[in-house]
Amino acid sequence: MNLLMNISEAVATHARLSPQKLGARDSKRQLTYEQWDRRATQLANGLRGLGLQKGDKVALLAYNCLEWIEIYAALARAGLVAVPINFRLTSPEIEYIAKDCEAVAFIVQDELIERVEPIKSQLNIANKTYVGFGQKVPSHWTDYENLIAAAPAFLQHVEVLPADMSALMYTSGTTGKPKGVIRSHEGSTMIALATAIELGFTSADTSLLVMPMCHANSLYFCHTFIQLGATCIIDDKKSFDPEALLDILSNEKVTFTSLVPTHYIMMLGLPNEVKAKYDVSAVEKLMISSAPARRDTKLAIMEFFNNAKLYELYGSTEAGWVTLLRPHEQLERMGTVGREWAGSGPIKLLDAQGIEVKDGEVGELFSRTPYVFDGYWKNPEKTAEAFRGNWCSVGDMAMRDKDGYIHLVDRKSNMIISGGENIYPSEVESVIGSHPKVKDVAVLGLPHEKWGEAVHAVVVLHDKAKVSAQDLMEWCKSRIAGYKRPQSFSFVSDSDMPRTATGKILHRVLRQKITENALQDELAA
């Protein structure tokens, strides 16, 4: 019998073992494990009192805040399924997810209710199960705090099994409409335990969750620290503030956080006199995820956080953590994403016929993790495409070197075919991104009458930097083959570069903007 504890049971366990220990906080309030456990029970009972039954889907829309972890624990306790929605989405995008998942309830932060109001008539959700929290909840919505206050604090038993669905995590839709990734309680707990083993976390740790709480990164790390009875600090600012982050790291004596390269670049780019005000010596471990980090960025991180070990992970919502580049490998294995995560089977790299390629050759990456997803919601065709037996793929192309280190090449869907040659955008991006005046870059293929596709680069420059398309073309000439070099460039501001919630560039959206003449192209020739 499988007796793995889910997130709700973990909270209850630590409420018994360490009732007065700080479980979580944001900038507005905090919860001991005892308070967290009680409020989770009351919220679970309150939702059931509204008529929700085991297996029902509950859509969630909020900025980062403490309520997320109350809700996740409460839904698990009631046997309900969490459907977190990215707060950056528009009303039509939110409507698509709420309809697709068949949500019967919607919990929304007051500041985001205006996104939901226009689509309510299109959703099969009863008025009483629209639940709002915050200071400005409309009177025709059920108030979150009132719902908790009116509910009993004793546990009304619901049998929740490890194999039951815990969440539908919608992918960011980098290649089309988002798909619902089915996560089980068992899978969520397995990834939490594997994370604790691989990174050596304990109950003494304090984690800072900066990534969106609607995203797998924060959810998986949060679950890890809950299983251990550690403390979670939630950065509840609506937009990233690098100095405020340093302040939290210093004052809360944070031991771990996970950030994307852009976060580190912004933080390390602060004036030295600003950075000197903050003591970050408590930070023991740092994670880079969601996008590759350059050598200069890694060196700057290690210099500033001189007590911390630096890790870099590769993974997905579907497979969970797949590989890890460990601290001693950061510089000597630069450009790789490491090797398999603890507890995972060997990665397979397959060609179009499903045959494993040799080391040094590019193939589609298939991983075997003990916490892999259970399939795509209502999409058996895409589920079948994602699996080869026990191995799972999300469409990433990679190469394994002779020492077993994995080099990500690109997403299969982003590959450019020009004149019959396969071109991987990440290779071209690496060359252009190494230019000292370039802050970020995305490379994609545009339709070309002769070659099928032509290589195009969209570039973000560092503040006050100036460089022309011809300058970048010259930069590329000695560094990359002619057929791979961009034939045209667009220069955009950082804010105009479309990204997912975790900082990944949306190549599909960029391509659409360019073909609609939304960006000003500058020809290299």
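Residues numbered from 1 in each chain as written. Predicted model: local features only at pLDDT ≥ 70, side-chain atom pairs only at ≥ 80, totals over all residues. Heavy atoms only, no water.

### Here's the deal with the packing of aromatic side chains
For the structure shown, the criterion picks out 17 aromatic pairs. With a centroid separation of 5.9 Å and an interplanar angle of 35°, the aromatic rings of Phe 225 and Phe 256 are classed as tilted. Of the two residues, Phe 225 sits in helix 8 (residues 216–228) while Phe 256 sits in strand 12 (residues 256–259), which places them 31 residues apart along the sequence. For Phe 256, a relative accessible area of 2% corresponds to the buried category. Taken together, Phe 201, Tyr 220, Phe 221, Phe 225, Phe 256, Trp 321 and Trp 341 form an aromatic cluster joined through their ring pairs. Geometry around Phe 304 places Lys 275 over its ring, the cationic atom sitting 5.7 Å from the centre. Between the NZ or CZ atom of Lys 348 and the centre of the ring of Trp 391, over which it lies, the distance is 3.9 Å. (Phe/Tyr/Trp six-rings, centres within 6.5 Å; stacked < 30°, edge-to-face > 60°. Helix = DSSP H or I, 4+ residues; strand = E, 2+ residues; numbered from the N terminus. Buried < 20%, exposed > 50% of the residue type's maximum accessible area, 1.4 Å probe, protein only. Lys NZ or Arg CZ within 6 Å of the ring centre and 35° of its normal.)

### As for the nonpolar core
Counting 80 residues, the largest nonpolar core has Trp 36, Leu 47, Leu 60, Ile 107, Phe 221, Met 287 and Trp 341 as its most contacted members. In this structure, Met 287 is in contact with Leu 199, Phe 221, Phe 256, Thr 257, Ser 258, Leu 259, Tyr 264, Tyr 311, Glu 312, Leu 313, Leu 324 and Trp 341, ignoring residues within four places of it in sequence. Counting residues in each nonpolar core, the second largest holds 27 residues, with Cys 101, Phe 106, Leu 112 and Ile 113 among its members. (Core = buried A, V, L, I, M, F, W, Y, C linked by side-chain atoms within 4.5 Å. Contact = heavy atoms within 4.5 Å.)

### Quick word on the side chain of Glu 70
Looking at where Glu 70 falls in the secondary structure, it is placed in helix 3 (residues 67–78). In this structure, Glu 70 is in contact with Arg 29, Leu 31, Trp 36, Arg 39, Ala 40, Leu 43 and Tyr 144, ignoring residues within four places of it in sequence.

### Concerning empty space enclosed by the protein
A complete count under the given rule lists four cavities of 30 Å³ or more for this structure. Roughly 160 Å³ of internal volume is contained in the largest cavity. As for the largest cavity, its lining consists of 15 residues, of which Ile 7, Tyr 72, Ser 166, Ser 188 and Leu 219 are closest to the centre. Broken down by secondary-structure element, the contributors of at least two residues to the lining of the largest cavity are helix 3, strand 8 (165–170), helix 7 (185–199) and helix 8. Classifying every residue of the lining of the largest cavity by side-chain character gives 10 nonpolar, five polar and no charged. There is about 40 Å³ of room inside the second largest cavity. (1 Å grid on protein atoms, 1.4 Å probe; cavity = no way out; pocket = protein on both sides within 12 Å on 5 of 7 lines; lining within 4 Å. Points joined across faces, edges and corners; volume = space filled by probe spheres on them. Nonpolar A, V, L, I, M, F, W, Y, C, P; charged D, E, K, R; others polar.)

### Looking at the confidence of the model for the protein
Scored by pLDDT, the protein comes out at a mean of 91, with 95% of its residues at no less than 70. Here residues 518–525 is a poorly scored stretch, pLDDT under 50, and it has 30 contacts once near neighbours within four places are set aside; other chains count. (pLDDT = per-residue confidence, 0-100.)

### A short note on the pairing of strand 13 (residues 285–288)
Side chains Lys 285 and Met 287 project from strand 13 onto one buried face, and the interleaved Leu 286 and Ile 288 project onto a second face that is buried too. Across four bridges, strand 12 lies against strand 13 in parallel orientation. Each residue of the ladder has a partner; that of Phe 256, found in strand 13, is Lys 285. By the bridge criterion, four bridges tie strand 13 to strand 14 (residues 309–316) in an arrangement that is parallel. (Pairing = 2+ DSSP bridges.)

### What to know about the side chain of Asp 235
The topology assignment puts Asp 235 in the loop between strand 11 (231–234) and helix 9 (242–251). Despite being buried, Asp 235 has no salt bridge partner; Lys 237 is the closest side chain of opposite charge, sitting 4.9 Å away. Only 3.3 Å separates the side chain of Asp 235 from the backbone nitrogen of Lys 237, close enough to count as a polar contact. For Asp 235, the contacting residues outside a window of four places in its chain are Asn 64, Leu 208, Leu 209, Val 210, Leu 245 and Ile 248. (Lys, Arg positive; Asp, Glu negative; His and termini not counted. Salt bridge = Lys/Arg side-chain N within 4 Å of Asp/Glu carboxyl O. Polar contact = N/O pair within 3.5 Å; in protein donor to acceptor, adjacent residues only side chain to side chain.)

### Regarding the sheet that holds strand 2 (residues 30–32)
The sheet built from nine strands is open, its strands ordered 2-1-11-10-12-13-14-15-16 with mixed pairing. At either margin of the open sheet sits one strand with a lone partner, and together these are strand 2 and strand 16 (339–340). Here strand 10 (residues 206–209) runs beside strand 12; their pairing, made up of two bridges, is parallel. If you follow Leu 208 over to strand 12, its bridge partner there is Thr 257.

### Section: the pattern of salt bridges
Using the criterion set out here, one finds 25 salt bridges in the structure. For Glu 252, the salt bridge identified is with Arg 25, shortest N-O distance 2.7 Å. Placement of Glu 252 in the loop between helix 9 and strand 12 and of Arg 25 in strand 1 (residues 22–25) is noted, with a sequence separation of 227 residues between them. When its relative accessible area of 25% is taken as the criterion, Glu 252 is described as partly exposed. Across the pair Lys 402 and Asp 403 runs a salt bridge whose closest N-O atoms are separated by 3.5 Å. Each of Arg 29, Arg 39, Glu 67, Glu 70 and Glu 145 takes part in salt bridges that share partners, so that together they form one network.

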